[in-house]
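Coordinates in review
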Amino acid sequence: MAEVEDVLRRFAGQWTLSRRIEDARAGTTGRFEGTACLTPDGDGLRYDETGLLSLPGAAPMQASRSYLWRAADQRIAVLFEDGRPFHEFAVTADTARATHWCDPDDYRVSYSFETWPNWQAEWQVSGPRKSYRMISSYCPAN
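Residues numbered from 1 in each chain as written. Predicted model: local features only at pLDDT ≥ 70, side-chain atom pairs only at ≥ 80, totals over all residues. Heavy atoms only, no water.

We now examine the environment of alanine 59. As for its position among the elements, alanine 59 is in the loop between strand E3 (45-54) and strand E4 (61-72). Relative accessible area serves as the criterion here: at 56%, alanine 59 is assigned to the exposed category. (Helix = DSSP H or I, 4+ residues; strand = E, 2+ residues; numbered from the N terminus. Buried < 20%, exposed > 50% of the residue type's maximum accessible area, 1.4 Å probe, protein only.)

A separate point is unusual backbone geometry. Looking along the chain, the bond that leaves aspartate 103 and enters proline 104 is cis, with omega of 10°. With respect to the secondary-structure elements, proline 104 resides in the loop between strand E7 (95-102) and strand E8 (105-112). Following tryptophan 116, the chain continues to proline 117 via a peptide bond in cis, the omega torsion being 20°. Considering the arrangement of structural elements, one finds proline 117 in the loop between E8 and strand E9 (119-127).

Another aspect to go through is the sheet that holds strand E2 (residues 28-40). Spatially, the 10 strands line up as an open sheet ordered E6-E5-E4-E3-E2-E1-E10-E9-E8-E7, and their pairing is antiparallel. Because the sheet does not close on itself, it has two edges, and the strands there are strand E6 (85-90) and E7. Taken pair by pair, the neighbouring strands of this sheet meet at an average axis angle of 20°, ignoring direction. With 6 bridges joining them, E4 and strand E5 (residues 75-80) adopt antiparallel strand pairing. If you follow alanine 71 over to E5, its bridge partner there is isoleucine 76. (Pairing = 2+ DSSP bridges. Axes fitted to C-alpha atoms, helices over the stretch in contact; angles between N-to-C directions.)

Turning to the pattern of salt bridges, a few remarks are in order. One pass over the full model with this rule turns up 14 salt bridges. One salt-bridge network, held together by shared partners, links Arg20, Glu22, Glu122 and Arg133. (Salt bridge = Lys/Arg side-chain N within 4 Å of Asp/Glu carboxyl O.)

Geometry only, nothing functional implied.
See below:
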């Protein structure tokens, strides 16, 4: 478990976050610009992001979300803020993949750590009313 806990510690801190949201159904692209802060909380890390979400045809709005990151065997478990499981990813390579099924929608993420300390999470989401790709790029805020 120590190895995963060491990896978690590397994520601790403040990150500049830039996100591109490509909605295939609407044929539009949105943006999110803000920060992500991963703070030790005694059980792992608390992930909090805040920033400005800009979607076509709408006024820019403040947006935020929170997750919990926990060591789980040789993986990082990402939980919703209320503790429900979201997904897990391995920490042994420069890339990692995970899935989340939220009936009827399928969420698939690919993490890239190849240019650490810069890293990226790319989500592909599909379902009866959803078809979008979301690319989140993180770099140290210091």
